[in-house]
Structures are given as C-alpha cells and as structure tokens.
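Report on the structure
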Amino acid sequence: WEPHDGTVWADNGMRVAVIPSTMTTDPTAEYEAEANARLIAAAPELLEALEKIDRWLMQPWSVNDVQESKAVHPAFRDALLASRAALALAKDKPE
C-alpha cells in the first residue's frame, strides 16, 4: 500500500483509505493526515512483523503460562499480552 496526498492506494490501484485533513491552514493537521495515511499504508507490513515476533516469543510458552508464571518478567508479560491484544484487534478476534 502507498500513501499519496492523504489517500492510501493498494498495489492493484484500488483506493484503500482517504484520510481527510481538516479545512484549516494549520500545517499540523495536514502533517497528521499524511502521517495517518503512512501508518495505514504500513499496516500490512506491521501486522506481518508483529505476527512473526509473537510466534517467536510464544514458542516456549502458552498464553496461560505467560499470564500465570512468576518466572516471566512483568514488563515482558505486559508487552506480550498487549501485542496479542493488538493482533486480535487487527484480526477482529477478541482475546
């Protein structure tokens, strides 16, 4: 996907999203609209990367192990559970 002027285009030429900037002369609003378009354009690659990280990190454990284990560092546990929640949200599959 590619962002261009607040619109995100798929490789096949279809419009994926339009990120409207507000009708203002505020350059911050235009910058934010372009940043949102770039984020949406990067979403497929970000999702794929997070899925790979999740698979690699979860290899030795189950979700219950991570949630219940005292051996797992709390910061690691929180980050892993947050990434799994984000993946579920992206895939519309609540955890």
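Rules used throughout
Residues numbered from 1 in each chain as written. Predicted model: local features only at pLDDT ≥ 70, side-chain atom pairs only at ≥ 80, totals over all residues. Heavy atoms only, no water. Helix = DSSP H or I, 4+ residues; strand = E, 2+ residues; numbered from the N terminus. Buried < 20%, exposed > 50% of the residue type's maximum accessible area, 1.4 Å probe, protein only. Contact = heavy atoms within 4.5 Å. Areas by Shrake-Rupley, 256 points an atom, 1.4 Å probe, with all protein chains shown as cover. pLDDT = per-residue confidence, 0-100. Core = buried A, V, L, I, M, F, W, Y, C linked by side-chain atoms within 4.5 Å.

What follows covers the overall build of the chain. If you tally the helices and strands in the chain, you get three helices and three strands. The order of α-helices and β-strands along the chain, N terminus first, is β-β-β-α-α-α. When each of the 95 residues of the chain is scored for burial, the buried share is 21%. Partitioning the intrachain contacts of the chain with sequence separation of at least 6 by distance along the chain shows that 33% fall at a separation of at least 24. Split by element, the accessible area of the chain, about 7,100 Å² in all, is 57% carbon and sulfur.

What follows deals with the confidence of the model for the chain. Of all residues in the chain, 81% have pLDDT values of 70 or greater, and the mean over the chain is 78. For the chain, strand 1 (residues 2-4) is the element with the lowest average pLDDT, namely 64, and helix 3 (residues 74-90) is the one with the highest, namely 87.

Turning our eyes to something else, we now look at the nonpolar core. One finds V8, A17, I19, A33, A37 and A41 forming the largest nonpolar core, which totals six residues. When residues in this core are grouped by element, the largest group, three residues, is from helix 1 (residues 27-58).

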